[in-house]
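Remarks on the overall topology
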Amino acid sequence: MHNILVTGASGFIGRWLSPALTQQGHNVFALLRQPERITELRQQCAARGGVAEHLQALAGDLTLPRLGMQSTPALSHIYHLGAQFAWGLSPAQARACNVNGALAAVELAAEHGAWLILVGGFMTENTAYLAELGINRQHPEQTDWARVYRATGAYEASKLEGYFRAQALANAKGVAFTGVNPATVCGHSQHGSLDAQQPLAQLIDNLAQGRLRGIPGNAAHWLPLVSVDALAQLLAHLSQLSPAQVPPTLLALDPTSPNLTTLLGWLADDLQVPAPRHFVPLPLLRALLRIKPLARALATDPEGLAFIRPERLTDASDSTTAFMQQHSLSWPPLRLCVERSAQHYMQGSTGRSLSSASPC
Ligand SMILES: NC(=O)c1ccc[n+]([C@@H]2O[C@H](COP(=O)([O-])OP(=O)(O)OC[C@H]3O[C@@H](n4cnc5c(N)ncnc54)[C@H](OP(=O)(O)O)[C@@H]3O)[C@@H](O)[C@H]2O)c1
């Protein structure tokens, strides 16, 4: 049994990870800006098969020194999921949470001799994309970050900066570090539950409301996916291993994810709406979305387009698949996860209420 700090425990992924960790007998300390939310989180933890008594709140804030925590119990693991996850942030806002929070998590791990499991994003594994942006992964201090922020928008840039600077700091301090880099997260494999703020839910909403008339990019572009429960299981499984048994990075991405054309076709069938048929080149779409009223009318932010790419990331994906097979883990059938996510949307049950005792 370990003492585990989870940042972002109240978020979409964290609300599935904490139950899975408590189920394994660990004490989970949720870093919360509003610690009074622990009552609702415990109810949800129990409804999701976890052990509510093993979940406790620690008041804190990722934007504050030492994560804003007064005192902490001895920790063996830190799962760092917390992030300001939104488009249109200023670089200062995004950095305050997503870069400073990641660096503070490394400092805390160093203090406790804890293993830091940091949740980045799948673009962290896309070497062609990183090269385009001029990111120096080994020496992130040599990167022109202002240029990266201009190119991608603040959320994505701050995630990349936070990830590579945290990794470099962990190496310098001798902190055990594992990066888990998820694809875009889709709904739960059993019941499709997906928060309305999640990027895939926004894509589904745009398609359902007739705002998505073209296919961004071309036939080579995809938006790789991973289901939230399988991701939570993979993350939780790491707590049963030692850092030496785990590759330094894991790419949490279902390799059976289809191209965007097929994904939109699946969703259109599920939502019973026409599928978009014509491609819209990404540079043109980006230029159009710079016209603010148009972006508002289409409910689409150009920042979200950064995740639609042609690279298949096969090497990183194969090595994670091999690790998962070795540990009897697998991705649930993706077509079903997508269908259930669409059904969940249609039932009108997207939303981020913590008050419900139902697992969704
Ligand atoms: N979902 C995806 O498709 C996806 C894909 C790749 C990577 N990721 C990464 O996975 C992680 C979790 O994503 P998610 O989808 O679960 O995000 P989410 O639902 O937006 O949750 C974000 C979490 O971060 C917490 N947080 C934000 N600002 C904070 C602050 N200043 N201090 C303390 N906590 C703060 C939030 O707490 P409150 O409840 O107080 O707001 C919430 O618990 C993020 O690092 C994200 O970048 C997500």
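Keep in mind it's a predicted model, so treat the numbers as computed, not measured.

Digging into the overall build of the protein chain
- What the protein chain contains, in helices and strands, is 13 helices and 11 strands.
- In terms of overall size, the protein chain behaves like a compact globule, its C-alpha atoms giving a radius of gyration of 20 Å where 360 residues would be expected to give roughly 21 Å.
- The buried share of the protein chain, reckoned over its 360 residues, is 46%.
- Within the protein chain, counting contacts between residues at least 6 apart in sequence, those at least 24 apart form 80% of the total.

Focus: the environment of Ala-74
- Secondary-structure assignment places Ala-74 in the loop between β3 (55–59) and β4 (77–80).
- The exposed category is assigned to Ala-74, around which 9 C-beta atoms lie within 10 Å.
- In this structure the C-alpha to C-alpha distance between Ala-74 and Ala-230, which are 156 residues apart in sequence, comes to 28 Å.
- With residues near it in sequence (within four places) discarded, Ala-74 still touches Asn-3 and His-112.

Looking at the sheet that holds strand β6 (residues 177–182)
- Taken together, seven strands build an open sheet; the order of strands is β3-β2-β1-β4-β5-β6-β10 and the sheet is parallel. For this open sheet the edge positions go to β3 and β10 (249–252), each flanked by a neighbour on one side alone. Taken pair by pair, the neighbouring strands of this sheet meet at an average axis angle of 20°, ignoring direction.
- Bridging between β6 and β10 involves four bridges; their strand directions are parallel. The residue bridging Asn-181 from the neighbouring strand is Leu-251, located in β10.
- Packed on one face of the sheet, helix α6 (residues 154–173) meets β5 (115–119) and β6 and runs near 165° to β6.

What to know about the site of the ligand
- Around the ligand sit 27 residues in total, of which Gly-8, Ser-10, Gly-11, Ile-13 and Ala-83 are the nearest.
- Shared between two domains, the shell around the ligand holds at least three residues of each, these being domain 1 (3–185 + 226–254 + 312–331) and domain 2 (186–225 + 255–311 + 332–360).

Some words on the packing of helix α5 (residues 145–152) against α6
- Packing of α5 against α6 leaves a shortest axis separation of 7 Å and a crossing angle of 140°. Considering the angle they form, α5 stands oblique to α6. Where α5 crosses over α6, the handedness of that crossing is right-handed. In this structure, α5 uses Trp-145, Val-148, Tyr-149 and Thr-152 to contact α6, whose residues at the interface are Ala-154, Glu-156, Ala-157, Leu-160 and Glu-161.
- Residues of the contact of α5 with α6, tallied by class, amount to six nonpolar, one polar and two charged.

Things to note about the confidence of the model for the protein chain
- Per-residue confidence for the protein chain averages 95 on the pLDDT scale, and 97% of its residues sit at or above 70.
- Counting contacts from residues 349–360, a segment whose pLDDT is below 50, to residues more than four positions away or on other chains yields 24 contacts.

So, helix α3 (residues 91–112)
- For α3, which comprises 22 residues, the first-to-last C-alpha distance of 30 Å matches the rise-based estimate of 32 Å (1.5 Å per residue) to within 8%.
- The sharpest bend along α3 measures roughly 30° and falls at Gly-101.
- If you check which residues of α3 are buried, you get Ala-94, Arg-95, Cys-97, Asn-98, Val-99, Gly-101, Ala-102, Ala-104, Ala-105, Val-106, Leu-108 and Ala-109.
- For α3, the elements touching its buried residues are β1 (3–7), β4, β5 and α6.
- Looking one or two residues beyond α3, the residue adopting positive phi is Gly-113, at roughly 60°.

Some details on the domain arrangement of the protein chain
- In terms of domain boundaries, the protein chain breaks down into domain 1 (3–185 + 226–254 + 312–331) and domain 2 (186–225 + 255–311 + 332–360).
- Here the C-alpha centroids of domain 1 and domain 2 sit 23 Å apart.
- Among the elements of the structure, α2 (38–47), α4 (127–133), α6, β7 (184–186), β9 (225–227), α8 (228–238) and α12 (314–326) are those that each provide at least two residues to the side of domain 1 that touches domain 2.
- Of the residues forming the side of domain 1 that touches domain 2, the biggest block, five residues, is contributed by α2.
- For the side of domain 1 that touches domain 2, the per-class residue count stands at 17 nonpolar, 10 polar and seven charged.

Reading the values: the criteria
Residues numbered from 1 in each chain as written. Predicted model: local features only at pLDDT ≥ 70, side-chain atom pairs only at ≥ 80, totals over all residues. Helix = DSSP H or I, 4+ residues; strand = E, 2+ residues; numbered from the N terminus. Rg over C-alpha atoms; globule rule 2.2 N^0.38 Å. Buried ≥ 20, exposed ≤ 12 C-beta atoms within 10 Å, placed from the backbone. Contact = placed C-beta atoms within 7 Å. Pairing = 2+ DSSP bridges. Axes fitted to C-alpha atoms, helices over the stretch in contact; angles between N-to-C directions. Near = placed C-beta within 6 Å. Domains from an automatic or database assignment. Parallel < 35°, antiparallel > 145°, perpendicular 65-115°, else oblique. Left-handed = near helix turned anticlockwise from the far one by under 90°. Nonpolar A, V, L, I, M, F, W, Y, C, P; charged D, E, K, R; others polar. pLDDT = per-residue confidence, 0-100. Expected span 1.5 Å × (residues − 1). Bend = angle between axes of the 7 residues up to and from the residue.

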